[in-house]
Amino acid sequence: MTSTSEPSAHHSGWPNDPVPLVGYLSRKALPIKRNDAEPLTREDVQFDLLNYIFSDTKTVFTSQTPGTSGKVHFCDLYVNALYHSSKCSKVLKDKMIETPAFAVELAKISLLTNVGRINTTMAFFPEMKTALRTYHPVPSLQKTDGNAQDAPRIKNCLKAALLPSDVKSMPPSTPEEILEKARARHLPPTSVVNLIFVLSNHAAPLAATHFDPPLNFLDLFLPMKISSADRARAFLWLMFHYLEGPDQPNPYDDDYSRQNPGKVPRLRRLSDAEMAAENVDTKEEIEWGKTMSTQRNHFLQRLVQSLENEKKGKNAHASSSTQRGMSESSSHRSRPARQSGDSGREKPYIHYMPPQRSAQALHHTESRSGASSSRGPQRSMLQHAWHVVTGTDPLADSDEELMDEHVRADYTSVGLRIDVISRLRGKPPTPPPDSIQADGTAPANISDGREHRWRTVESWK
């Protein structure tokens, strides 16, 4: 890289100025930085430079409009690239056709976006609400009534401004690829918009190729003490060099560029008085900028006021809803107190009531003492079991069961069987259990429950 500690030998009038780094190693200083509602002046956008570029009348560029041929000047080349972008809306296209001056103004703002001078945080209509962008009137480039959109939409439109061949495959991404296609006479090698993107991204490595230190491609769009006409000529020279081919006679050549192949034409340095005479805002533009700034401030005040009113309305609605909810909850809590005083309306606890017995069962209950003397025919075991299953309430307490003669007879027979078993238990030939020791005591390892059962059985003897 060329040393930056000494001024350029070619421009003898520059030694008194500090020499910045060659090729923008950092592009943080490139975008325009302004506060919201602050106008962009002619010096900010370098109006004279843009005016020289888009007023050039040399028809030396191959048309990039599909279905056309021949040569066009740069203004038509760039405007048509925007118009045929797949991201250009129908409303914008109609406005560009209806008002050609608006199309040129939009192209100038788009060129600044193309090189990164206008970044994607800017918008150009005062009714913009988002906090992610700032509004800026551009009096010198908004003399028509068209909507200049905002920088993100403009950049999306630029990125989609491709040739049909670039849509099918990846567009060239380096200056070498573009020059290779141009030397092979594949014209145009890429779209003019993509070429400007490539040159902006490769400004540092191309600085020594096309410029004398300390300049590069991006410096052409910054306020500096170099003639706007010369910078416009250097820009158009680069456009022709890459779009039409480096081996073609460049109509923007001068003696310096002819003697130094690959270098842009001479860039003449301005005096302080000459620089002060360029990019001067008119009185009308200054007044219009102030008017739009005031309009923007009023819009923001109304927007903030409406947001505050909406917030207050939401808070009031929320508080009223809370009060209604509290009153409803208090009314619900007071209802049981009123109901507790009215014992007649209180619901009693419902417990289980056994089904009513038949009159015959009640008769047997009332005459329980004499029922045993008047027994009917005896039931078999199976018949009695069926009667118990079908006629006994399983949920009733056994002490409350109303027994008939057959139940009592069944209890008696069970008792007789138990007496027989108790008399037979322990008499030979009944063998003692294996777990019983000779002395009649249970082993020590038998659990308490097992010992309890053994003692119970032993008591039957």
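Residues numbered from 1 in each chain as written. Predicted model: local features only at pLDDT ≥ 70, side-chain atom pairs only at ≥ 80, totals over all residues. Heavy atoms only, no water.

(A) Main features of the pattern of salt bridges. Scanning the entire structure with this criterion turns up 14 salt bridges. A salt bridge links Glu38 to Arg34, with the shortest nitrogen-to-oxygen separation between them at 3.9 Å. When its relative accessible area of 31% is taken as the criterion, Glu38 is described as partly exposed. What makes Arg34 partly exposed here is its relative accessible area of 33%. Between Arg153 and Asp150 there is a salt bridge, with its nearest N and O atoms 2.9 Å apart. Look at Asp150 and you get buried, because its relative accessible area is 2%. Each of Arg34, Glu38 and Asp44 takes part in one network of salt bridges that share partners. (Salt bridge = Lys/Arg side-chain N within 4 Å of Asp/Glu carboxyl O. Buried < 20%, exposed > 50% of the residue type's maximum accessible area, 1.4 Å probe, protein only.)

(B) Quick peek at unusual backbone geometry. Cis geometry marks the peptide bond from Leu187 to Pro188, where omega comes out at -10°. When you line up the elements, Pro188 lands in the loop between α8 (175-183) and α9 (192-201). Between Pro213 and the following residue, Pro214, the backbone shows a cis peptide bond with an omega angle of 10°. Within the fold, Pro214 resides in the loop between α10 (203-210) and α11 (228-243). For Gln46, which is not glycine, the phi dihedral falls at a positive 55°. (Helix = DSSP H or I, 4+ residues; strand = E, 2+ residues; numbered from the N terminus.)

(C) Up close: α8. When we look at burial in α8, the residues that qualify are Pro175, Ile178, Leu179 and Ala182. With its buried residues spanning 95° around the axis, α8 presents them on a single face. Residues of α8 that are exposed and point over 90 degrees away from its buried face: Glu176 and Glu180. In this fold, the buried residues of α8 make contact with α9, α10 and α11. One or two positions beyond α8, positive phi appears at Arg185, with a value near 65°. (Arc of directions from axis to C-beta. Contact = heavy atoms within 4.5 Å.)

(D) Structural view of the side chain of Ser227. Tracing the backbone shows Ser227 in the loop between α10 and α11. For Ser227, a relative accessible area of 5% corresponds to the buried category. With residues near it in sequence (within four places) discarded, Ser227 still touches Arg268, Leu270 and Glu278.

(E) Inspection of the packing of aromatic side chains at higher detail. Throughout the structure, instances matching the rule amount to 10 aromatic pairs. Considering the side-chain rings of Phe61 and Tyr252, the 6.4 Å spacing of their centres and the 25° angle between planes classify their relative orientation as stacked. Within this pair, whereas Phe61 is found in strand β1 (residues 61-62), its partner Tyr252 is found in the loop between α11 and α12 (255-259), the two being separated by 191 residues in sequence. Summarising the burial analysis for this pair, Phe61 and Tyr252 share the class buried. (Phe/Tyr/Trp six-rings, centres within 6.5 Å; stacked < 30°, edge-to-face > 60°.)

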